[in-house]
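Next come the chains, spelled out residue by residue.
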Amino acid sequence: MRVKVLVFGELSIHLGWSLDLELEEAATIRSLLKLLSDRAGKSIKMDDGVTVLVNGSNISLLKGLETELRDGDLVVLLPPLSGG
Amino acid sequence: MPRGYTGKILDVDLTEGRIRELKLPWRTMEDFFGGRGLAAKILWDRLGDHWSEVDPLGPENLFIALTGPLTAFYPGSRVCVSGKSPLSNGVVGSTTSTEFAMELKAAGYDGVIVSGRAEKPVYLLITDEGCEIRDASHLWGKIGEETIKLLNREVRELLSKPRRGLQREPGFLYIGPAGENRVRNAAVMTKLFHAAGYGGYGAVMGSKNLKAIVAKGSGPLPEVAAPETVKILWREVHRELIKRDRMRRWGTGYGGYYVAADTSSEPVRNWQEEWHDERRFGGPNFQFRFWVKPYHADFNCTTSCMKISCIKTGKWKGDITDMPDYEMEAYLGPNLGVFDPEGAIHLSAVIDNLGHSGINIGNTMAFAAELYQRGVLTEEDLGFKLEWGDVEAFDRLAHMIARREGIGDILAEGTYRAALKIRKLKGVDVLRYAVHVKGIEVGAHGIRSGRDYPTPIGYAASPQGGDHTSTTRDGYEDMAWSVFGDSAVVCSFCFHDPLIWEFARAVTGWDISKHRWCTEHGRRIITLQQVFILLGGPDVYWDPDKDFDNPPRFYEPLPSGPYKGMKADREIVERMKREYFKVMGWDERGIPTRETLQKLGLSYLDPPLQEMRR
C-alpha cells in the first residue's frame, strides 16, 4: 500500500520533507518509524518530542505506535512545539 | 467554592459610571477555566446574539482583562486581555506578563470587564476597597514612560498610609498614543516593554477613553484545594524550569540570526525572503554592547528569560527595551531591512512608548515599505522616502501611524484594511503583499521551509489567525500549549508537562488532565472562537472557502537560502485543513457540526450556524 509522509522540522534534513512510500500490508506507525529511522540514520523516538499525525489525528488519540496504516493515508511528523 | 479563584469579577460600565461585581456560575468557570476561554464565554453571553453588528471600536464592545486559577500560583504570572478584536472581528486571547495579575487577585478580583465609553479619559483604580473611576485627562497623549511615572507617583501617594509610608509599585495595564488613537492593531501595554500585542485590544481601550487600569491588592491570594501539594509542586516546577539553560541564557533572542540562517523562516523585507546570513544580527551582538539586565522576570517566574537592552551613547541614548525578543528582533529588524542591533533596539523602544504592537505594526510598516519599493506608494504619498533599513524613516512612520497623521491614518487600520483602502485609492491589487491571516498580522515564523514549528495550516486554520503563539497543529497538543496557558493564565515558557497538570489539579481540586483539557476544554474554547470568526462583521466577514488560508506570499517560492524554491503546497494545505476540521468535529469548510456543539455543551451556538452550513 502507498502512504505519503510529510516531515517537518529538523528531521526533514535527514529525510527530505515529502516521501511517497510503499509499505507492506500490515504496516503500523512503529514499523514506519523504524523504516524512517533506518533511512535517516538516526533513531526517531517519540520522547524526542516528535508528534505523529495520521490523517490529521495525533496517534495518542488512535493506537499510539500500534496505529495501523491504510492505503492513501497521510502521515505527518512534526517537531516539538515551541514559540516566541 | 472553586479554588484558585477569588470568585468575583469587576463589571464596569463607563457610560453610566457604574461598577458592579459579577459572580459566574461555577460550572461556567470549570468549563471555560479562565483567561482566554472564560473571556470568550462572557463575550458570547453578552454580545453573541448580535455579534456581527457589534462594532469593536464602539461602546458596546467589552474590554476584558482576566486572570485564571493558576495565575500567581504557577510560575509566570500573566493577565489575558480580550474583547471583540478590531482586526479579526473574532475573539483573541492576548496575554502579557505583569504584576497586575497578582495585584488584581490580591485585591479580591479574578478580572475586570469594561463596557460603554467614558466621556473623558479615565483610568480605573482597583484596590481591596473596590474599584474607582478616576480622571486621566492629564495622562492622555503621554507615551509609555511618562504614563508609568505619573501614574505610579499618583497612585502610590493616594494609597500611602500615615506612618506606613508609600505602598510599593502597583500593577498597571495602559495604552500609549497608538491605542488612544484607535490604531487597529495597538497593544495593551504593561511595565514599559511588555505588551499584549495580538488582537488590537489597545484600540478597544482607546475607544472607551480608558487610558489605564491600575491594581494594588494587599489581601492573600485565594485558597487552593490542596495547599501542601501545591507547595511541593511549586518547588518541583522551579527546579525543572531552572534547567532550561538556552532559554534562560538567550531568551527567544537567539532567533534573530538562527531562525533565518538555520530554519530559513524569519521575515525579511515584508516576507519577500525568509533567510539571511547577517552574523551581526543575533544574540551575542546585543549582549556585549547593550544588555543591562540579562535575567529579567516578572512575578513568580523562574525562567527569567527576558533581556533588557539600553543604548548608552549616541543619538538614541537612553532607549531601553526588551531586546532581543525574537518577534521584535525579527519584525523591527530584518523584516524592515534593518540588520543593525542598535537600530532595532531604538525602534523597539519607540514602538513600546507609542503603545504599538511590534509584530503587527512592524508588519504594516513593512507592507508600506514594499509598496514604496514597488512604486505603488510614492515619496509624495508618504511625505518622505521609505527605504529598507532606514531606521529614522520607520521611526517617523511609527509616529505618524500612532497619531494617524497623513498616510498614518490609512496604515493605522492594520495591514489588511490598509491594503483594501490602498487598492481602492491606487487601483492596484496590493492584497497579495499583505501578510495576514483573518486580519491578524502573521508572527515571525514562516512555513515555507517546513523547518520551523508552525505547520502548513498553523495560521490558516487557527481562529486567532496570524497569532504565532496559538498555531494549529492537531486539535490535540495545540490545546495544551497556548489555549491552556492563555486560559490558566500563566506564561507558556514556564509550561511543564506533566507538572502543570498536577499543579492545576492541586489548585482547583478539579479533575484536570492533559487528555481532558485537550479533548474537552480546549476543543470547547477553540470551537467557540471559531464561531466568532465565522460570524465576523460589521465591516469585514471571512469567507470559509477563501479566507481560511495562508497569505498569498506563502505560496510564492523562497527566492534565497538553502530552501530556495520551497513554498506552501496548496494540496497539502487543503488536505491537512480538512483533516484538522474533521478531528475538531467541524465540517469540511470549518463550520462546527451540531453534534460537536452538543458534545461540548455549546448547543446554543447552533442557530447562527445553520444558515452557513450547506
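Residues numbered from 1 in each chain as written. Chains lettered and ligands numbered in written order. Predicted model: local features only at pLDDT ≥ 70, side-chain atom pairs only at ≥ 80, totals over all residues.

Asks: Describe the overall build of chain B, with residues and values.
Replies: The secondary structure content of chain B amounts to 23 helices and 17 strands. Scaling as 2.2 N^0.38, a compact globule of 614 residues should have a C-alpha radius of gyration of about 25 Å, and chain B matches this with 23 Å. Taken along its principal axes, the extent of the C-alpha atoms in chain B is 60 × 60 × 50 Å. The burial tally for chain B puts 61% of its 614 residues in the buried class. Summarising the internal contacts of chain B: among those between residues at least 6 apart in sequence, 71% fall at separations of at least 24. (Helix = DSSP H or I, 4+ residues; strand = E, 2+ residues; numbered from the N terminus. Rg over C-alpha atoms; globule rule 2.2 N^0.38 Å. Buried ≥ 20, exposed ≤ 12 C-beta atoms within 10 Å, placed from the backbone. Contact = placed C-beta atoms within 7 Å.)

Asks: Report on the packing of helix 2 (residues 35-47) of chain B against helix 20 (residues 514-535) of chain B, specifying residues and quantitative values.
Replies: Residue and element names in this part refer to chain B. One way to put it is that helix 2 packs onto helix 20 with a least axis distance of 10 Å and a crossing angle of 45 degrees. The orientation of helix 2 with respect to helix 20, classified from their angle, is oblique. The element helix 2 and its partner helix 20 pack so that their crossing is left-handed. Taking contact as the criterion, the partners of Arg 36, Gly 37, Ala 40, Lys 41 and Trp 44 in helix 2 are, on helix 20, His 521, Ile 525, Leu 528 and Gln 529. Here the contact of helix 2 with helix 20 is built from residues that sort into four nonpolar, three polar and two charged. (Axes fitted to C-alpha atoms, helices over the stretch in contact; angles between N-to-C directions. Parallel < 35°, antiparallel > 145°, perpendicular 65-115°, else oblique. Left-handed = near helix turned anticlockwise from the far one by under 90°. Nonpolar A, V, L, I, M, F, W, Y, C, P; charged D, E, K, R; others polar.)

Asks: Outline the packing of helix 12 (residues 341-354) of chain B against helix 15 (residues 391-402) of chain B, listing residues and values.
Replies: Residue and element names in this part refer to chain B. Between helix 12 and helix 15, whose axes approach to 10 Å, the crossing angle comes to 10 degrees. By the angle between their axes, helix 12 is roughly parallel relative to helix 15. Judged by residue contacts, Gly 343, His 346, Leu 347, Val 350, Ile 351 and Leu 354 of helix 12 engage Val 391, Phe 394, Asp 395, Ala 398, His 399 and Ala 402 from helix 15. Residues belonging to the contact of helix 12 with helix 15 are distributed by class as follows: eight nonpolar, three polar and one charged.

Asks: Could you give an account of the nonpolar core, with specific residues and numbers?
Replies: Residue and element names in this part refer to chain B. In this structure, Ile 126, Val 188, Ile 213, Val 214, Ala 368, Ala 398 and Phe 503 are the most contacted members of the largest nonpolar core, which totals 193 residues. At ten residues, the largest contribution of residues to this core is made by helix 20. Summarising the domain contributions, this core has at least three residues from each of domain 1 (9-216) and domain 2 (228-441). Not counting residues up to four positions away in its chain, the partners in contact with Val 188 are Val 81, Thr 96, Leu 173, Ile 175, Ala 195, Ala 196, Tyr 201, Gly 202 and Met 205. (Core = buried A, V, L, I, M, F, W, Y, C linked by C-beta atoms within 7 Å. Domains from an automatic or database assignment.)

Asks: So what's going on with the interface of chain B and chain A? Which residues, and what values?
Replies: The extent of an interface is frequently quoted as the accessible surface area lost upon association of the parts. Taken together, the contact between chain B and chain A spans 23 residues of the former and 21 residues of the latter. Looking at the side of chain B that touches chain A element by element, the count peaks at seven residues for helix 21 (residues 570-584) of chain B. For the side of chain B that touches chain A, the per-class residue count stands at eight nonpolar, seven polar and eight charged.

Asks: Talk me through the confidence of the model for chain B; I want residue IDs and the actual numbers.
Replies: Scored by pLDDT, chain B has a mean of 95; 99% of the residues are at 70 or more. Scored as a complex, the prediction yields pTM 0.96 and ipTM 0.93. (pLDDT = per-residue confidence, 0-100.)

Asks: Give me helix 4 (residues 144-159) of chain B: which residues, what numbers.
Replies: One full turn of an α-helix is made of 3.6 residues, so residues set three or four places apart face in the same direction. Residues and elements named next belong to chain B. Look at helix 4: 22 Å from first C-alpha to last across 16 residues, which is about the 22 Å you get at 1.5 Å a residue. Every buried residue of helix 4 is listed here: Gly 144, Thr 147, Leu 151 and Val 155. When helix 4 is viewed along its axis, its buried side chains cluster within an angular range of 55 degrees and face the same direction. Turned more than 90 degrees away from the buried face of helix 4, the exposed residues are Lys 149, Arg 153 and Glu 157. Structurally, helix 4 contributes buried residues whose contacts are with strand 7 (122-127), strand 9 (171-174), strand 10 (188-190), strand 12 (210-216) and helix 12. (Expected span 1.5 Å × (residues − 1). Arc of directions from axis to C-beta.)

Asks: Account for the sheet that holds strand 15 (residues 320-322) of chain B, naming residues and giving values.
Replies: All names here are of chain B. Spatially, three strands are ordered 13-14-15 in an open sheet, and the strand pairing comes out antiparallel. Of all strands in the sheet, those bounded by a partner on one side alone are strand 13 (291-296) and strand 15. Strand-to-strand twist in this sheet, taken as the mean axis angle between neighbours without regard to direction, amounts to 20 degrees. As judged from the three bridges shared by strand 13 and strand 14 (residues 306-310), these two strands associate in the antiparallel manner. Residue His 296 lies in a different strand from strand 14, and its bridge partner there is Met 306. Packing of helix 10 (residues 283-290) onto the sheet brings it into contact with strand 13 and strand 14, and relative to strand 14 it is tilted by some 55 degrees. (Pairing = 2+ DSSP bridges.)

Asks: Just give me the short version of the sheet that holds strand 2 (residues 18-22) of chain B, but keep the residues and values in it.
Replies: All names here are of chain B. Strand order in this open sheet of six strands is 2-1-6-3-4-5, and the pairing throughout is mixed. Edge positions in the sheet fall to strand 2 and strand 5 (94-97), since each has one partner strand and no second. Averaged over all pairs of adjacent strands, the angle between their axes in this sheet comes to 20 degrees, without regard to strand direction.

Asks: Any chance you could break down the pairing of strand 8 (residues 130-135) of chain B for me, citing the residues and the numbers?
Replies: For a regular strand, side-chain orientation follows a simple rule: the groups alternate between the two sheet faces. Residues and elements named next belong to chain B. Here strand 7 pairs with strand 8 via six bridges, running antiparallel. Paired with Val 122 across the bridge in strand 8 is Asp 135. Between strand 7 and strand 8, which pair antiparallel in sequence order, lie two residues.

Asks: Now, about unusual backbone geometry: what can you tell me, with residues and values included?
Replies: Residue and element names in this part refer to chain B. The omega angle of the peptide bond from Met 323 to Pro 324 is -5 degrees, so this bond is cis rather than trans. In this structure, Pro 324 sits in the loop between strand 15 and helix 11 (326-331). In this structure, Pro 498 follows Asp 497 across a cis peptide bond, with omega equal to 10 degrees. With phi around 75 degrees, Phe 33 is a residue other than glycine that occupies positive phi space. Tracing the chain through its elements places Phe 33 in the loop between helix 1 (26-32) and helix 2. Phi at Val 489 takes a positive value of approximately 45 degrees, unusual for a residue other than glycine. Along the chain, Val 489 falls in the loop between helix 18 (477-488) and helix 19 (499-508).

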